Amino acid sequence: MDFTFSDEQQAALEAAQTVFARIAPDQVPSPALTTGAVADDIDRALWKRLADADLLSLLLDPEHGGAGLDPIALCLVLRESAKVLARVPLLENTAATGALQAYGSPELKADILARAGRGEQILTVAAHGRTGHDPAELAVVARQDTDGTWVLDGIHTAVPWAYNADAVLLPAHTDDSGRAVLALVPRLHTGVVLAEQFSTTGERLAELRLESARLAPRYMIDTEQAWEWLRLLLTTGTCALALGLGEAVLAMTSAYTGKREQFGHPVATFQAVAVQAADRYIDLRAVEATLWQAAWRISSGAAGPLPASADVAVAKIWASEGVRRVVQTAQHLHGGFGADTDYPLHRYHAWAKHLELSLGPAAAHEETLGDLLAAHPLG
């Protein structure tokens, strides 16, 4: 498999590196030093720089002011964002606009896409469902009145950036056939109630409760494959975030063990230290290979012996397990210094736990992969 990036994808990567170079991870708010949310808002200065660099409109077609790139380009940018713990809804906003572009009505696209691509309107996605274990679309029931209006009832938990977004794109299921639909729900809307929750990162999440919230048909996407497409993109993007975070942590660990001395020698020269670091390097290369395989499948629509969802499941298994092992080994090799709140490693550990569990831990995706293998026997 040739994973050489195109000139356009490479340009997006270089633009991202320029933007994120100004972020200092040790200045990111620490969950260990704050009671409640670490901040009330996203990093608005960074959000504006991303918009100015056209990195919020990567997936949008030129007619909507975008670059017309693919999920691979998005994953390259997300990888860089995680290296510096960027506090912006880059994945959620981009995935939501991509879904609206692919499946939304012409009126909805004209109303939302260009503004979201310029950073003037922030979108997020509710993908956790009610419990985090059951399919997310089962958390909300959508029914259509005789006048065509849709009525939504249910709860989504752990919605990221909900308090700072203008609208939430969420899955639901119809009360008649049970098919999955998507709804774009304004944050300030009758029947929408938010309650604070908190991530391991210290960021403010929300329990989003819908109490007979009424939406015009233009805000609904009644296309069966829309939620599956969005879910796969979100999961693949989460793997890209895990890879970037893991690479930053391994680089931090290498630098520390290279200068930390015991018995007159850098601890990096000790065999036990070198072997552990090498194991984590292998983990990250597996995360990288499976990530690009998944991103390529959903970008190209290429056929395979298993559906693209299988490649995404494999990528998330490696990402969840890999990022956990990387931060655990990093803490071990840093010793007590790794827990020092003046040092950024503890922030990466908190973010890694969030990414490990986001959109399902490894075990959930192993179950998904098993079901796919049973339904599509190989050989």
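You'll find the structure just up there.
Every chain begins its residue count from 1, and numbering advances along the sequence as written. Local features in this predicted model are restricted to residues of pLDDT 70 or higher, and side-chain atom pairs are both shown and tallied only at a pLDDT of 80 or more, whereas totals for entire chains, interfaces and linings draw on every residue. Hydrogens and waters are ignored; side-chain quantities use all the structure's heavy atoms.

The next thing to look at is the overall build of the protein. The secondary structure content of the protein amounts to ten helices and ten strands. Its C-alpha atoms give the protein a radius of gyration of 21 Å, near enough to 21 Å, the size a compact globule of 379 residues would have. For each residue, the accessible area found with a 1.4 Å probe, counting protein chains only, is set against the maximum for its type, and the residue is called buried under 20%, exposed over 50%, and partly exposed in between. In the protein, which comprises 379 residues, the proportion classed as buried is 53%. Residue pairs at least 24 apart in sequence account for 74% of intrachain contacts in the protein once pairs closer than 6 positions are excluded. Method for areas: the Shrake-Rupley scheme with a 1.4 Å probe, in which residue coverage is limited to the protein chains shown. Working note: accessible area of the protein is about 16100 Å², and carbon and sulfur atoms make up 52% of it. Of the side-chain charges in the protein, 29 are positive and 46 negative, and the distance between the mean point of each set is 4 Å. Per the convention used, a helix needs a DSSP run of H or I reaching at least four residues, while a strand needs a run of E reaching at least two, with both numbered from the N terminus. Within these notes, the globule rule equals 2.2 Å times the number of residues to the 0.38 power, and the radius of gyration is based on C-alpha atoms. Here, residues are in contact when the closest pair of their heavy atoms is within 4.5 Å. Residues scored as charged are limited to Lys and Arg (positive) and Asp and Glu (negative), so that His and the chain ends carry no count. Positions of charges follow a simple convention, taking NZ of Lys, CZ of Arg, CG of Asp or CD of Glu.

Each pair of aromatic rings taken from Phe, Tyr and Trp, with Trp reduced to its six-membered ring, is defined by centres within 6.5 Å and is described as stacked if the planes are under 30 degrees apart, edge-to-face if over 60, and tilted in the remaining cases. Applying the stated criterion across every chain, the model contains four aromatic pairs. Ring centres of phenylalanine 5 and tryptophan 292 lie 5.1 Å apart, and the angle between their planes is 70°; on these two criteria the pair is classed as edge-to-face. In this pair, phenylalanine 5 sits in the segment before helix 1 (7-20) while tryptophan 292 sits in helix 7 (residues 271-300), placing the two residues 287 residues apart along the sequence. Tryptophan 292 sits in the buried class, given a relative accessible area of 3%. Between phenylalanine 337 and tyrosine 343 the ring centres are 4.5 Å apart and the planes differ by 40°, which places this aromatic pair in the tilted class. Residue classification places tyrosine 343 among the buried positions, given a relative accessible area of 15%. Ring pairs connect the aromatic residues Tyr256, Phe337 and Tyr343, which therefore count as one cluster. Stacked on the ring of tyrosine 219, the Lys or Arg arginine 218 has its end atom at 5.0 Å from the ring centre. Charges are assigned to positions over rings by a cutoff of 6 Å between ring centre and Lys NZ or Arg CZ, combined with an angular limit of 35 degrees from the ring normal. Directly above the ring of tyrosine 281 sits arginine 285, whose terminal nitrogen or CZ lies 4.9 Å from the centroid.

Looking now at helix 9 (residues 345-357). Helix length check: helix 9, at 13 residues, gives a terminal C-alpha distance of 19 Å against a target of 18 Å (1.5 Å per residue), a fit within 8%. Of the residues making up helix 9, those classed as buried are Leu345, His346, Arg347, Tyr348, Ala350, Trp351, Ala352, Leu355 and Glu356. Here the buried face of helix 9 lies against helix 3 (71-83), helix 6 (224-259) and helix 8 (308-334). Note on helix 9: the residue one or two positions beyond its end, leucine 359, has a positive phi of about 60°. Each helix should span, by expectation, one fewer than its residue count multiplied by 1.5 Å.

Buried together is how nonpolar side chains tend to be arranged in soluble globular proteins. Side-chain atoms within 4.5 Å are what join buried Ala, Val, Leu, Ile, Met, Phe, Trp, Tyr and Cys residues into a set we call a nonpolar core. Core analysis: the largest hydrophobic core is formed by 91 residues, its most contacted members being Phe20, Leu50, Leu100, Leu169, Leu230 and Leu245. Per-element tally for this core: the top contributor is helix 6, with 17 residues. Filtering out sequence-adjacent residues up to four positions away, leucine 245 remains in contact with Ala82, Lys83, Leu85, Val323, Val327, Tyr348, Trp351, Ala352 and Leu355.

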